[in-house]
Each structure stands twice: as C-alpha cells, then as structure tokens.
Amino acid sequence: MTNTLVVLLGPTGVGKTALSFHLARHLHTPIISSDSRQFYRGLEIGTAAPTFEEQQQIKHHFIGILDVTDYYNAAQFETDVLSLLETDIFKQAPTGLIVGGSMMYIDAVCKGIDDIPTVDESIRQELLERLEKEGLDSLRMQLKILDPEYYAEVDLKNHKRILHGLEICLMSGKPYSSFRTKKVKERPFNILKIGLNRPREELYERINLRVDEMIKQGLVEEARKFYPYKHLNSLNTVGYKELFQYFDGNWEYDFAVNMIKQDSRNYARRQLSWFNRYDDIHWFHPDNEEEIFEFIDTSLYQFDIYL
RNA sequence: GGUGCCAUAGCUCAGUUGGUAGAGCAACGGACUGAAAAUCCGUGUGUCCCUAGUUCGAUUCUUGGUGGCACCA
C-alpha cells in the first residue's frame, strides 16, 4: 500500500474544520493543522482552533505548540511535518491528513522550500533600524549591488522582500538568489489536494457570523491578555490587531469588530488568489461530504493500483 | 399643508460655464520560498432619481413628479 497525504485546503471560514473531523474518522488518521496562527498557544478563539474537547475526539498535531514569543517558519514546518509523517503517522495508517489555509506552509510540505540560512535576529533588527532611519531606497540600492538578479525580479515596493533578500546576502556573503533554486522536491508519498470553496456571498456571510461568534466566546478578553505582546509577529493577526487598535483608543469598538470581518474577508480573498495558481486541486462545496469521501476513496484506490 | 435645500459608484461626496463623469473608503483581480492570518501591486465597477420640454446634443438649464433633510405652520 502506498502512503498518501490528503491535503484539505480552502479559504478561512469555508468549513474545513467540520469536514476535517469526519474525514479524520473516515481515514483513521490524526489531523495535521497547517493554520500558522493556530500553532500559538492562547489564540484559540481568534484563530478558531479546535477546542480541548474536540482534540480529545480527534488527535491534532501542531495546535498550540508555540508560545507567542517563539520563532517559527515554513521551512521548520516542512521538516517537522515530514518527520511526523515518517516516524509516526504513516506507521499507523496509510493516509495522512493535513488541514489548513496557510499556503506557504502547505507548499513547503508538498513541494519543499529552498535551503536558505535562518535569519539572524540581530541582522534583522539592524536592517529594520536602517529601514526606519535611511528609508527603503537605501536598502534597495545595497540589494542592487549585492544581488542584482534578485533585485531585477523582486517587488521593489515590498519592504519585507527587500529586507529579507538583503539580510540573507549580508549573513551568508552570497547573493540571496543563489539559494533560490525553486526546485520541487520529490516526496515519498502521494499528495491528494482537496479544495473547499463556496459562492463568495455565502463565504462572507459565514465569516461575518463567525466573527460575531468569536466575540461572544470572549475574543476581546483573549486579545486583552496579549495586549502587552502586540508588537510580536504572532499577534500581527486578524482578530487581534484590530482589537489592539481599539485598546489603544484609535478605533471605536464597533468599528474594530467590523474591521475584523473585513480583514478576514480580504484574507480569504488572498488565499483564493493563491489557490488559483494550482491545477491539481480538486474543488468541492463543503456540503457535499459524500461526494468528497467518494472521490478520496476512489483516488486512494487508484494510487494503489497504479503504483 | 407652506417654504427652502438636496438627489451622481456599494458608502461619503466632488464635478461637468450643456459634449454621457472622478476622489477617498469599500469591492474586485493579482503577486508570493525561513515574518505569510504577514507584506506588496493593479483595476472605476455608473439609467448622474423619474417625466416632459429647450437644444445638433441634457447628468448639467426649464416644467411637473417622487424621495430625503431643515425650518415654518
């Protein structure tokens, strides 16, 4: 029997979680979360992470494994997931299940990610200060000298990309572009991508309702606990950053809640824009559960025959 | 009931000395390799309230409606 990783993806709020539970039972396998913000402990309400009770029913990996002050990235996720599949999940079941919407993380698992040095915190800080003092233009000019190839293709207005390219050049003494082979790595298992989507109006309606639900569950209190950490990347997250504006007195409460809805909708749109690049995703409406299961069963069966 | 003001994009509003219109926000599309729920780029999507006039031509001027707001009764 060949091993297969089923990838369940879709925009935020589409209904991945509900379906993932049924699918995990069906496949007799735990759920690997690939929602990068669900990795952080304490952000359960705002990231719609599965509750403790739900995790009692179905084993979940990667939920709440990090402290908000911890550093993590997609490459580490690739390593962690591959090792988990090899040493644990595929030992117990032929099929793994990864569920989420963080596309860079999913891509890292499915296609691999280039071997680039991990960023040194002091260099990043230094460059951030330079960005503040000297402006983006200065960093751009230096990148142009150190890595003309990347400079030619990078989005010159995106300071994060400029900064990252430059910090890799400075750290390694080699051009950032020399690390970017963009080679797709072979995986020792099949990958079956299932995409969930709904008509836009329906999706937005669900997102709006879910935000109201989060507020009822105590999102404001949850966010207040992390107010002292608002400068951290992990808290630069939809559902928290807007409430921090409210705590700071910059926004009215109702306005902040509406902004959470808006930012969630925009996030969903950006996710969909990423998905559109792929032609290996099999799309379904989340309500068609039987159809989805049937499709997965058939696909798994075919993998076994042809390999 | 009377008088005045207003009606233009999803919203708030500009504007056209008469030649079918443009800002902000929203919305929509896109990019994406160790910060990614991040970050960045692009795009006006319109019975200019309705009707009848004047005019070569009306969203703009005039008549009559309709709706809203304010004041007076």
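Here the structure is shown first, and the text comes after it.
So, how was this worked out
- Residues numbered from 1 in each chain as written.
- Chains lettered and ligands numbered in written order.
- Predicted model: local features only at pLDDT ≥ 70, side-chain atom pairs only at ≥ 80, totals over all residues.
- Heavy atoms only, no water.
- Axes fitted to C-alpha atoms, helices over the stretch in contact; angles between N-to-C directions.
- Helix = DSSP H or I, 4+ residues; strand = E, 2+ residues; numbered from the N terminus.
- Parallel < 35°, antiparallel > 145°, perpendicular 65-115°, else oblique.
- Left-handed = near helix turned anticlockwise from the far one by under 90°.
- Contact = heavy atoms within 4.5 Å.
- Nonpolar A, V, L, I, M, F, W, Y, C, P; charged D, E, K, R; others polar.
- Near = heavy atom within 4 Å.
- Polar contact = N/O pair within 3.5 Å; in protein donor to acceptor, adjacent residues only side chain to side chain.

Novice: Give a description of the packing of helix α5 (residues 121–134) against helix α8 (residues 159–172) that names residues and reports values.
Specialist: Running from N to C, α5 and α8 point in directions that differ by 130°, and their axes come no closer than 10 Å. In terms of axis orientation, α5 runs oblique to α8. For α5 against α8, the interelement crossing comes out right-handed. Two secondary-structure elements touch here, α5 through Ile123, Arg124, Leu127, Leu128 and Leu131 and α8 through His159, Leu163, His164, Leu166, Glu167, Leu170 and Met171. Here the residues of the contact of α5 with α8 sort into 8 nonpolar, 2 polar and 2 charged.

Novice: Kindly report on the protein's contact with RNA strand B, identifying the contributing residues and their values.
Specialist: Around RNA strand B lies a shell of 46 residues, among which Ser36, Asp114, Asn158, Lys160 and Lys182 are the nearest. Considering RNA strand B, the proportion of its atoms within 4 Å of the protein that are sugar or phosphate atoms stands at 56%. Contact between RNA strand B and Asp115: a base oxygen at 3.1 Å from a side-chain N or O atom of the residue. Note that a base nitrogen of RNA strand B is positioned 3.3 Å from one of the side-chain N or O atoms of Arg161. Going through the elements one at a time, α4 (103–111), α8, α9 (200–217) and α12 (253–275) are the ones with two or more residues in the surface near RNA strand B.

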